[in-house]
Amino acid sequence: RRVLLLGEGNFSFAASLCGAAGTHVVATCYESEEEVSGRGRAAESIRRLREAGAEVVFSVDCTKLKNYFLPEKRAFDCIYFNFPHCGRKAGVVKNRELLSHFFHGSAEVLTEEGEVHVALCNGQGGTPADQPRREWHNSWQIVAVAAGAGFILSNVHRFKADTIHGYRCTGYRSQDKSFSVEGALNHIFTRSMPLPYFRPMTCEIELESQKVSFQVPQVLVDKINRGFLELNSNHPVRTVKEKLTAELSQAFPLQNNDYCLSLLHQGHLNGVCHSNIFWIILSPEDTPTTEEMSNGLANAVLFSYVDFCRDTDKSGWVNIQEGCHISKYYLRPSLLPYAQAIIQKGAFLPGTLYVLSGPVFRKCLITPYSLPVFHEMVFVCAVNRGTENSCIQMLVNNIKTSIHSFHQTVSGFKLNISLQEAMSFETTELNDFAAFESQLSKIQYFICMETDTSGSCEKGSCVGIIRTAHYELVSRELVVVFASLNLDLLAMLICGISDWRMLWTSDTRFLRQFPGGELRLFKSFSLYPPSYVHDVSFWVPDGEQFDEVAFHTIARQVSGEMVVSIQLIDSFQQPETGRKSLCYRLTFQSCDKALSRQEVAEMQLLFRKEINRCLGVAVR
């Protein structure tokens, strides 16, 4: 294990590490050997290091590290930089610049799994871990600075100088004087995965006994066909599904029906706003190319995704010229139509619980509990009329038992799970999942989860719904109970995952926390990620209704889900012309990757271009 130490004042910290088994220490400082040797106990520490086989290197500039090591000796497993400073009375701006160059230099000599440790005095870092915390503009902004070089803060803890044998800090204002390290923090950084660049993607499926390829909406490219529910998956969403299924199989005869569910659906969804749907349009121009024919797609039908079409009628349907043969499909926003099809076909046994599960896709506003894609689990059971309430209660009780059992294992405390009547809620009180389900058909009950015992169902806590329906096609004596659960929200609440985007991360550090699919309390590997705020104002096209869902979807698309909040902060209408201007504030923040100020500025510029192109607004 190769360890590099930078900016050593008297080499006392390096000397404390040199005896560690399996560790090769390379200790450096900025000054020459003559300058350092005169400092108290520095000569003794240097002697100890050399006797222990450590390398001691002088006059090393921490911003140009690769210049001091041959290519074969640049792979360090850990880099320490304790209390960096430009010297004398350098201000926060110069010290930020020093850290920025240091992190870029470290990226060139660090192993892929390596760590960078930076110790700062209390308040300098500018993170919530500092107590008291400085104002952001007066701090070194270490997390944002590190993000510029592709690093994320993965841990932070107290720098306990009194536990380091022989350590004595020095260098106060470039002198051989100590300084206060009370409340100092050690910041541990690791490499981030790079921001994704999504290429156009096609997905091939079977649709009505025909091979079909369709263009995947760009905002969903990293979420389609991820296989979270497959047998070899260790994803917590699958674990939640399997545990629920196992518990319910003890109370009901159970049958899984996942195998027959198509990603594409056709036809009207009554009550659903069409701007919430990802439309896939088949047009005569979408014919296979020569290359596609050579790849076995000669008989395939090619679909294209309609990003944002302004040529629509009042219902939201794309206007089609007469004579054009165009089929309208959409990515399934719900599994309810598939559940209803089981009943309508009569292919069921009364009293048997039919289970369907899979990802569903919905355009939605950007809020903490609005998921454009999530895994839905639907239960269907036909029972004798008059017994539907006992069936609902049995279903909810088994769901409660299952969730309580593994949540208590994960966190040690119970969640409060309640069944609440839908009529007691206003639409504005519902999270996006519940609000969309309310559009599909009438809901009798919401299944809510809370981490306290208040019994209230606050916005964001609805994880499931229950509805009943009477089907004359089946029998007048039977009532069908439908229950739907949002597996992603369940996994988040059970494992303490605060950001839905973390469920979709491709960083292996996420799934490593759930070995063998075991549910555990999640610990974020990216702490205190920096956020950046940008405003955009524009004129809305005359006579047109502004499509806010499309506006949010474009923000998701151009940023790769890095926009966490969009707020309308100003609205203005010219009295003379009637033209309307809107101003929105966008907040950018990543939950798992390094996001720099420059990258966000590029996203914002692209966003301005795209809303002009797609929505016809005139950016001010």
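What counts and what doesn't
Residues numbered from 1 in each chain as written. Predicted model: local features only at pLDDT ≥ 70, side-chain atom pairs only at ≥ 80, totals over all residues. Heavy atoms only, no water. Salt bridge = Lys/Arg side-chain N within 4 Å of Asp/Glu carboxyl O. Helix = DSSP H or I, 4+ residues; strand = E, 2+ residues; numbered from the N terminus. Buried < 20%, exposed > 50% of the residue type's maximum accessible area, 1.4 Å probe, protein only. Pairing = 2+ DSSP bridges. Contact = heavy atoms within 4.5 Å. Axes fitted to C-alpha atoms, helices over the stretch in contact; angles between N-to-C directions.

Visitor: Even after reading the chapter, I still don't get the pattern of salt bridges, so can you show me in this structure?
Guide: Where charged atoms of side chains with opposite charge meet at close range, the side chains can pair. Counted according to the given criterion, the structure contains 15 salt bridges. Here Asp-222 and Lys-223 are joined by a salt bridge, their closest N and O atoms 3.1 Å apart. In this structure, the salt-bridge partner of Glu-610 is Arg-613, at a minimum N-O distance of 2.8 Å. Of this pair, Glu-610 and Arg-613 both sit in helix α14 (residues 597-615), 3 residues apart, which is roughly one turn of that helix. Taking the relative accessible area as the measure of exposure, Glu-610 reaches 15% and is therefore buried. Given the relative accessible area of 56%, Arg-613 is considered exposed.

Visitor: When you look at the pairing of strand β8 (residues 202-207) in this model, what are you seeing that I'm missing?
Guide: As a general feature of sheets, a regular strand has side chains that alternate between the two faces. Judged by which residues are buried, β8 turns out to be one-sided: Cys-203, Ile-205 and Leu-207 face inward and are buried, whereas Thr-202, Glu-204 and Glu-206, on the alternate face, are not. Where β8 lies against strand β9 (residues 210-215), 6 bridges are found, and the strand directions are antiparallel. Looking across to β9, one finds that Thr-202 is bridged to Gln-215.

Visitor: For this particular structure, what's the right way to read the sheet that holds strand β23 (residues 580-588)?
Guide: Sheet strands pair via backbone hydrogen bonds, and the direction of the pair is either parallel or antiparallel. The strand order across the open sheet formed by 4 strands is β22-β23-β21-β24, and the pairing between neighbours is antiparallel. This sheet does not close on itself; its edge strands, each paired only once, are β22 (563-573) and β24 (618-619). Bridging between strand β21 (residues 532-539) and β23 involves 8 bridges; their strand directions are antiparallel. Its bridge partner lying in β23, Asp-535 is registered against Arg-585. Contacting β21, β22 and β23, helix α13 (residues 548-559) runs over the sheet at an angle of about 135° to β22. Together, β21, β23 and β24 form the strand contacts of α14, whose direction differs from that of β21 by roughly 15°.

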